[in-house]
Amino acid sequence: MAPKAKEDVLVQKSPAEFFAENKNIAGFDNPGKCLYTTIRELAENALDAAESISELPFIEITIEEVSKARLNRIRGVEEHGRLDEQLYQDFESEDARKKRLAKEAKDKERLQKLIEKHGGGAAAVEAKKKELAANAAGKAGASMRGNLFYKVTVKDNGAGMPHRDIPNMLGRVLSGTKYGVKQTRGKFGLGAKMALIWSKMTTGLPFEIISARRGTSSRSHYVLDIDIHRNEPNVHLEEQLPNPDQWHGSVLSLTIEGNWQYY
């Protein structure tokens with residue numbers, strides 16, 4: 001008797017879920033490229049915002065390294081000491097340590113022979129030794145640490161965003177103001193939303209937005225993230241603050257996993 005054919009099950013995915021699973025489409029291939037793409041996309045959005053009101057752009061970009069301990073404090077997670085180092089990915093076994101030290105010694109010996117062959121004296125040899133040792137220590141530290149976390153903040157003097165539209169503009173994929181607009185830096189408005197999705201996936205921390213339109217007496221302040229499965233904004237805080245100096249523009253800030261070394 002032939003086995004009964006398995007029935008096909010119709011599965012639907014939200015646009016946010018699709019792009020979360022296919023991040024490379026938007027340039028979010030790995031932590032290094034994700035950090036680079038996040039900075040680039042937010043900067044390009046800032047340029048577009050200033051250009052839309054014919055304002056000479058003034059953009060401030062701040063990138064701050066966030067330690068794992070600080071990230072845990074922000075999350076409200078208590079930091080505990082390690083009881084068994086061997087359980088962690090950055091643990092260096094005795095064999096690995098010996099191999100690393102042997103390689104470093106061989107590199108030093110090779111460099112010393114090269115310097116002595118071409119001249120430079122004992123002082124130059126000693127200086128090169130110290131330089132090589134420092135570089136090796138830096139590389140070892142970087143490889144042991146792996147990816148880090150970065151808080152990226154971009155401030156512009158552009159058009160700002162309407163208060164009621166901010167959640168959908170930043171927290172709903174395939175929702176934006178650039179559809180049908182030609183000659184803009186971004187076509188689908190995915191950049192900031194992909195950065196928010198990456199933040200949600202790697203740190204769980206929300207996006208913070210402050211924005212004001214030209215000539216308005218108040219500033220919008222939101223803290224939000226995105227519900228990836230429903231493709232909906234999840235608003236943690238919504239308020240309007242006074243804007244006594246009539247500032248206009250946007251400040252966007254988020255914390256993501258990244259790697260500064262390669263991109």
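Owing to the predicted nature of the structure, the values given are computational and were not obtained by experimental measurement.

Student: What should I look at first to understand unusual backbone geometry in this one?
Tutor: Most peptide bonds take the trans form, and the phi angle of most residues other than glycine is negative. The phi dihedral of Asn231 is positive, around 55 degrees, even though this residue is not glycine. Examined against the element boundaries, Asn231 turns out to sit in the loop between β4 (218-227) and β5 (232-242). Judged by relative accessible area, which is 8%, Asn231 ranks as buried. Residue Gln246 is not a glycine yet carries a positive backbone phi of 60 degrees. Positionally, Gln246 belongs in the loop between β5 and β6 (249-258).

Student: Hey, could you run me through the sheet that holds strand β3 (residues 207-212) in this one?
Tutor: Each strand in a sheet pairs with its neighbour through backbone hydrogen bonds, running either in the same direction (parallel) or in the opposite one (antiparallel). Taken together, the 6 strands give an open sheet; going across it, the order is β1-β2-β6-β3-β4-β5, and neighbouring strands pair in antiparallel fashion. The sheet terminates laterally at β1 (60-66) and β5, the two strands that pair on one side only. Here the strands of the sheet are splayed against their neighbours by 15 degrees on average, with no regard to which way each runs. Bridging between strand β2 (residues 148-156) and β6 involves 9 bridges; their strand directions are antiparallel. Each bridged residue has a counterpart across the sheet, and for Lys155 the counterpart in β6 is Val251. Set on the sheet, helix α2 (residues 31-51) makes contact with β1, β2, β3 and β6; between it and β6 the angle comes to about 175 degrees.

Student: Honestly, the nonpolar core in this entry has me stumped. Any pointers?
Tutor: Inside soluble globular proteins, nonpolar side chains tend to come together where they are buried. Within the largest apolar cluster, 34 residues are counted, with the highest numbers of intra-cluster contacts made by Leu42, Ile197, Phe207 and Ile209. If you list the elements that add at least two residues to this core, you get α1 (15-21), α2, β2, α6 (166-171), α7 (191-202), β3, β4 and β6. Leaving out residues up to four positions away in the same chain, Ile197 has contacts with Ala16, Ala20, Val173, Ile226 and Ile228.

Student: In this structure, what is going on with the packing of aromatic side chains? I would like to understand it.
Tutor: Geometrically, a pair of aromatic rings is defined through the distance of the ring centres and the angle of the planes. As enumerated under the stated definition, the model contains 2 aromatic pairs in all. Aromatic pair Phe18 and Phe19: ring centres 5.2 Å apart, planes at 80 degrees, arrangement edge-to-face. Classification of Phe18 by relative accessible area gives partly exposed; the value is 37%. Ring centres of Tyr150 and Trp260 lie 6.1 Å apart, and the angle between their planes is 35 degrees; this geometry places the pair in the tilted category. Taken together, the residues Tyr150 in strand β2 and Trp260 in the segment after β6 connect sequence positions 110 residues apart.

Student: Please explain the environment of Leu47 as it appears in this structure.
Tutor: Checked against the element boundaries, Leu47 lands in helix α2. With 110 residues separating them in the primary sequence, Leu47 and Asn157 have C-alpha atoms 9.0 Å apart.

About the criteria used
- Residues numbered from 1 in each chain as written.
- Predicted model: local features only at pLDDT ≥ 70, side-chain atom pairs only at ≥ 80, totals over all residues.
- Heavy atoms only, no water.
- Helix = DSSP H or I, 4+ residues; strand = E, 2+ residues; numbered from the N terminus.
- Buried < 20%, exposed > 50% of the residue type's maximum accessible area, 1.4 Å probe, protein only.
- Pairing = 2+ DSSP bridges.
- Axes fitted to C-alpha atoms, helices over the stretch in contact; angles between N-to-C directions.
- Contact = heavy atoms within 4.5 Å.
- Core = buried A, V, L, I, M, F, W, Y, C linked by side-chain atoms within 4.5 Å.
- Phe/Tyr/Trp six-rings, centres within 6.5 Å; stacked < 30°, edge-to-face > 60°.

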